[in-house]
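Analysis of the macromolecular model
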Amino acid sequence: VANGYDFDIVNDDLMSRRANIADGEIEVAGYAYRVLVLPSTPVVPIETMRAIHAFARSGGLVIALGELPASAAGLRHCDENDRELKRLTAELFAPDGGRPALGVFLPDYTIERAPFNPGRQPYKPTPPLEEPQRRLLAAIERVAPPDFALAGRAQSDGLTFRHTRVGDVDIYFVCNLQPASVATNVTFRVHGRTPMRWEIGRAHV
């Protein structure tokens, strides 16, 4: 979020049974996505892997972090499903002769698992990006520019956002979580619109 992107989590049932995949997008419950990230996911149901592969073949971007899928979940037809999953994984992430890989694999990307704490958290400055994080953002930006960008593409240090679309109206909720005020220019990923700024009971056009 500090670099202009937000995300939602999708499960196997949604991917394999309820998602519509076409033209490089996954549509789930009216929301469309152009990028799918697999965060160190070694085991995947074969139905989900087929959907992921179909998404990549349609033009969507699949990024695997840390570890590639290696086994299919479940015991029924496990040997057959494992072979198919390994074939699909190779087609996604391994170049084949003159054909580039469909997806992007970042093996040195690690995800820190911080313990959940529902209490009030003290403010901490946003840490600088590491090289694997830069490569992840560069891969995403080739498909979709940041939804919310600070001037000069600076990394946010607490200025966060949430983007919602209601009908043909794009609504950005922008919140400053820093202990100090911020004065900067920002860019939203919308075109041909007239912006309106709302503050507690007031609107500015």
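Attention shifts here to the packing of aromatic side chains. Counted by the stated rule, this structure contains 4 aromatic pairs. Between the aromatic rings of F148 and F188, the centroid separation amounts to 5.6 Å while the plane-to-plane angle is 50°, which identifies the pairing as tilted. Taken together, the residues span a long stretch of sequence, with F148 in strand 9 (residues 148-150) and F188 in strand 12 (residues 186-188) at a distance of 40 residues. The class of F148 is buried, set by a relative accessible area of 3%.

Let's shift gears to helix 2 (residues 46-57). Helix length check: helix 2, at 12 residues, gives a terminal C-alpha distance of 16 Å against a target of 16 Å (1.5 Å per residue), a fit within 8%. Along helix 2, the residues classified as buried are I46, T48, M49, A51, I52, H53, F55 and A56. Of the residues one or two after helix 2, G59 is the one with positive phi, at around 115°.

For helix 3 (residues 78-93), spanning 16 residues, the distance from its first C-alpha to its last is 22 Å, which sits close to the expected 22 Å at 1.5 Å a residue. What helix 3 keeps buried is the set N81, D82, E84, L85, L88, T89, L92 and F93. When helix 3 is viewed along its axis, its buried side chains cluster within an angular range of 165° and face the same direction. Facing away from the buried surface of helix 3 by more than 90 degrees, the exposed residues are D79 and R83. Residues of helix 3 that are buried in the fold lie against strand 4 (35-39), strand 5 (43-44), helix 2, strand 6 (61-65), strand 7 (71-72) and strand 8 (104-106).

This part is about unusual backbone geometry. Unusually for a residue other than glycine, D23 sits at a positive phi of about 55°. Residue class for D23 comes out exposed when judged on its relative accessible area of 73%. For S40, which is not a glycine, the phi torsion comes out positive at approximately 50°. Considering the arrangement of structural elements, one finds S40 in the loop between strand 4 and strand 5. A relative accessible area of 28% means that S40 is categorised as partly exposed.

One number sums up the size of the second largest pocket: a volume of about 1,000 Å³. Taken together, 28 residues make up the lining of the second largest pocket; nearest its centre are Y172, V174, F188, M196 and R197. Sorting the residues of the lining of the second largest pocket by element identifies strand 11 (169-176), strand 12 and strand 13 (197-199) as the ones contributing at least two each. For the lining of the second largest pocket, the per-class residue count stands at 16 nonpolar, 7 polar and 5 charged.

Judged from the 8 bridges that link them, strand 10 (residues 159-166) and strand 11 form a sheet pairing that is antiparallel. Bridge pairing links R165 to D170 in strand 11. Counting the residues between successive antiparallel strands, the hairpin from strand 10 to strand 11 contains 2 residues, one of them, G167, with a positive phi of roughly 65°.

Consecutive side chains of a regular strand alternate in pointing toward one face of the sheet and then the other. Judged by which residues are buried, strand 2 (residues 25-28) turns out to be one-sided: I26 and V28 face inward and are buried, whereas E25 and E27, on the alternate face, are not. Relative to strand 2, strand 1 (residues 20-22) is paired through 3 bridges, and the arrangement is antiparallel. Directly across from I21, in strand 2, lies its bridge partner I26. Where strand 1 folds back onto strand 2 in an antiparallel hairpin, the turn is made up of 2 residues, including D23, whose phi is positive at roughly 55°. As paired elements, strand 2 and strand 3 (residues 31-33) share 3 bridges and run antiparallel to each other. Considered in strand 3, the bridge of V28 is made with Y31.

A contiguous nonpolar patch, built from V166, V169 and I171 and spanning about 240 Å² of accessible area, is present on the exposed surface. You can see I171 is positioned in strand 11. For I171, a relative accessible area of 41% corresponds to the partly exposed category.

Criteria and cut-off values
- Residues numbered from 1 in each chain as written.
- Predicted model: local features only at pLDDT ≥ 70, side-chain atom pairs only at ≥ 80, totals over all residues.
- Heavy atoms only, no water.
- Phe/Tyr/Trp six-rings, centres within 6.5 Å; stacked < 30°, edge-to-face > 60°.
- Helix = DSSP H or I, 4+ residues; strand = E, 2+ residues; numbered from the N terminus.
- Buried < 20%, exposed > 50% of the residue type's maximum accessible area, 1.4 Å probe, protein only.
- Expected span 1.5 Å × (residues − 1).
- Arc of directions from axis to C-beta.
- Contact = heavy atoms within 4.5 Å.
- 1 Å grid on protein atoms, 1.4 Å probe; cavity = no way out; pocket = protein on both sides within 12 Å on 5 of 7 lines; lining within 4 Å.
- Points joined across faces, edges and corners; volume = space filled by probe spheres on them.
- Nonpolar A, V, L, I, M, F, W, Y, C, P; charged D, E, K, R; others polar.
- Pairing = 2+ DSSP bridges.
- Patch = residues over 30% accessible without salt bridge, like charges linked within 9 Å, V, L, I, M, F, W, Y side chains within 5 Å.
- Areas by Shrake-Rupley, 256 points an atom, 1.4 Å probe, with all protein chains shown as cover.
- Salt bridge = Lys/Arg side-chain N within 4 Å of Asp/Glu carboxyl O.

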